[in-house]
Amino acid sequence: VIAPLTFANEITSRLTLNRVQQLSMGMQTEEAQQSKLIPSAVYPAEATIPLKTIRSISSPLSGEIIILNFVHGPIHKGQVIAEIESPELLKIQETYLATLHDLKISQQNLQRVRKLNKSGVSSTKVLQQALSKTKKLSLNKSQHEKNLALLGMAQASIKNLEDRHELQPAVIEIKSPIDGQLFDLEVRLGERVSDNQNLISVGAINPIILVVRIPVEKVNDIKEAQKVELIGLQKTGVVTHIDGMVDPMTQSVDIHISVENNDHSLRSGQLFKIRFLSRSEDTVYRVSANAISQYNGQTIVFIQEQQG
């Protein structure tokens, strides 16, 4: 984008060339594109995972890692990263089975009390007490089921536990809570882990953050929410953060740019060339860089007018 721009025919007489002469000189033409955005100088930028999305995934119970499905790289929400065999899960299952047993007895007692109440043998107070106990045990059952699911027990195993009233394999599934990127694996297959021990980290990669360092004298030209162009890619981003601190060694400021990454084509650690886009009050024109010339110290482009 050139602004301001001097057209060649404003500073010199028209150069008349026929089609054959233009071809022999290797001259080509293109249509200048109108634009409201003026690009800055080109800066290098590095893609990184947003710090606010990074999560440490830990083991909910102690046990032994028996399966590691993923150790790094991209992962989708709900995929099982690892499986842990935990004796503690058996004790929790036993508590759940005891609750199921008490609930079944309470439900049978409630049916009996209802019949007696209808026949006038039992009081309404006794019926209300039986009903209250059944509701309490039903609530406990739901809480146990949610707890088992949160601990990482598979839904199929929880259902078998309820239907068959038999202990299921004491296996915890460690699932990814988000779509993202895995890194910093801290355990190995067959390793025994304690509860709340960190296993691996995961961070979101959509959107992804580009970090660019701008010379301090240029920072005031950049604004939050300003558009940014990724050179060579059909992607744009927006400025989301301008650091308030200056690196004393480089006299530069970190600027964060958020870029949509639905196709996961941008990867953490990847380097890009970017330029900031500033909105102009006037219409400016975009042409190829090799169409720009210098004439008597002025920046010009040549405009084709018929044969001139």
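Just above sits the structure.
Described in the following lines is the structure provided in the data block. These numbers were taken from a predicted model, which means no experiment stands behind them. Sequence order sets the numbering: in each chain, residues are counted from 1 along the sequence as written. In view of the model being predicted, local features appear only for residues whose pLDDT reaches at least 70, and side-chain atom pairs are presented and counted only at 80 or more, with totals across whole chains, interfaces and linings using the full set of residues. Computation of side-chain values: all heavy atoms of the structure, hydrogens and water removed.

Okay, the pattern of salt bridges next. Whenever a carboxyl oxygen of Asp or Glu lies within 4 Å of a side-chain nitrogen of Lys or Arg, that contact is scored as a salt bridge. Applying the stated criterion across every chain, the model contains nine salt bridges. For Arg213, the salt bridge is made with Asp247, and the minimal N-O distance between the two is 3.1 Å. Highlighted residues: Arg213 in strand β12 (residues 208–215) and Asp247 in the loop between β14 (235–242) and β15 (252–259), separated in sequence by 34 residues. Summary of the burial criterion: residues with accessible area below 20% of their type's maximum are buried, those above 50% are exposed, and those between are partly exposed, where the area comes from a 1.4 Å probe applied to protein chains only. What makes Arg213 partly exposed here is its relative accessible area of 43%. What makes Asp247 partly exposed here is its relative accessible area of 22%. Segments assigned H or I by DSSP are reported as helices when at least four residues long, segments assigned E as strands when at least two residues long, and all are numbered from the N terminus.

Cis geometry is adopted by the peptide bond preceding Pro207, which originates at Asn206 and carries an omega value of 0°. Along the polypeptide, Pro207 turns up in the loop between β11 (198–203) and β12. A positive phi angle, near 55°, is found at Gln251, a position not held by glycine. Relative to the helices and strands, Gln251 is located in the loop between β14 and β15.

Axis lines are fitted to C-alpha atoms, over the contacting stretch for helices. Their N-to-C directions set the angle, which ranges from 0 to 180 degrees. At their nearest, the axes of helix α2 (residues 87–119) and helix α3 (residues 124–151) sit 9 Å apart, and the two run at 155° to each other. By the angle between their directions, the pair α2 and α3 is classed as roughly antiparallel. The element α2 and its partner α3 pack so that their crossing is left-handed. Only Asp, Glu, Lys and Arg are considered charged, only Ala, Val, Leu, Ile, Met, Phe, Trp, Tyr, Cys and Pro nonpolar, and every remaining residue, Gly among them, polar. Tallied by class, the residues present in the contact of α2 with α3 amount to 14 nonpolar, 12 polar and five charged. Orientation categories follow fixed angle ranges, with anything under 35 degrees roughly parallel, anything over 145 roughly antiparallel, 65 to 115 roughly perpendicular, and all other angles oblique. We call a crossing left-handed when the near helix sits turned anticlockwise from the far one by less than a right angle, and right-handed when that turn is clockwise.

Everything listed here is a matter of coordinates, which is why it stays silent on function.
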